[in-house]
Amino acid sequence: MMDVTDESFAAEVIGAELPVLVEFTADWCPPCRQMAPVLRALATEEADRLKVVQLNVDLNPETTNAYKVLSMPTFMVFRGGEPVKAMVGARPKRRLLEELSDVL
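Residues numbered from 1 in each chain as written. Predicted model: local features only at pLDDT ≥ 70, side-chain atom pairs only at ≥ 80, totals over all residues. Heavy atoms only, no water.

Remarks on the sheet that holds strand β2 (residues 20-25)
What links the strands of a sheet is backbone hydrogen bonding, and the strands pair in either a parallel or an antiparallel sense.
Working step 1: Spatial strand order, β1-β3-β2-β4-β5: five strands in an open sheet with mixed pairing. What marks the edges here is a single partner per strand, and that holds for β1 (2-4) and β5 (82-88). Put simply, the sheet's adjacent strands are angled 30° from each other on average, direction ignored.
Working step 2: As paired elements, β1 and strand β3 (residues 51-56) share three bridges and run parallel to each other. (Pairing = 2+ DSSP bridges. Helix = DSSP H or I, 4+ residues; strand = E, 2+ residues; numbered from the N terminus. Axes fitted to C-alpha atoms, helices over the stretch in contact; angles between N-to-C directions.)

Take a look at the structure:
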């Protein structure tokens with residue numbers, strides 16, 4: 001799973017061929033840490049259909065503010081350079097996959 005920054009967001013997310021799941025995360029966020037193994041597994045299992053990246057909100061305020069992210073973790077799916085879905089809060093892998101099924 002790749003980390004993106006304000007500087008790399010356009011190239012890695014907006015310009016991506018595949019849909020991209022972005023986790024807006026923070027080091028101080030316990031639910032974000034809970035999601036790490038889920039997202040790593042998802043990134044591996046769905047690599048042919050979905051790109052999974054993380055953005056640290058504390059280190060990347062421009063992108064965080066541009067998408068009005070207020071709670072961690074926030075998950076956004078980008079397709080064709082546009083956000084098409086947003087979800088807030090930790091969730092089990094099965095539920096995350098269900099919620100992503102309409103955008104994959």
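Section: the pairing of β5
Working step 1: In the sheet, strand β4 (residues 74-79) pairs with β5 via six bridges, with the strands oriented antiparallel. The partner of Phe-75 across the bridge, within β5, is Met-87.
Working step 2: Counted between consecutive antiparallel strands, the loop separating β4 from β5 contains two residues, among which Gly-80 sits at a positive phi close to 60°.

Observations concerning the environment of Leu-21
Working step 1: Mapped onto the fold, Leu-21 is located in strand β2.
Working step 2: Given the relative accessible area of 1%, Leu-21 is considered buried.
Working step 3: A sequence separation of 65 residues divides Leu-21 from Ala-86, and the C-alpha atoms of the two residues are 9.4 Å apart.
Working step 4: With near-sequence residues (within four places) excluded, Leu-21 lies in contact with Leu-39, Leu-42, Leu-50, Lys-51, Val-52, Val-53, Phe-75, Met-76, Val-77, Met-87, Leu-96 and Leu-100. (Buried < 20%, exposed > 50% of the residue type's maximum accessible area, 1.4 Å probe, protein only. Contact = heavy atoms within 4.5 Å.)

None of this, on its own, says anything about what the molecule does.
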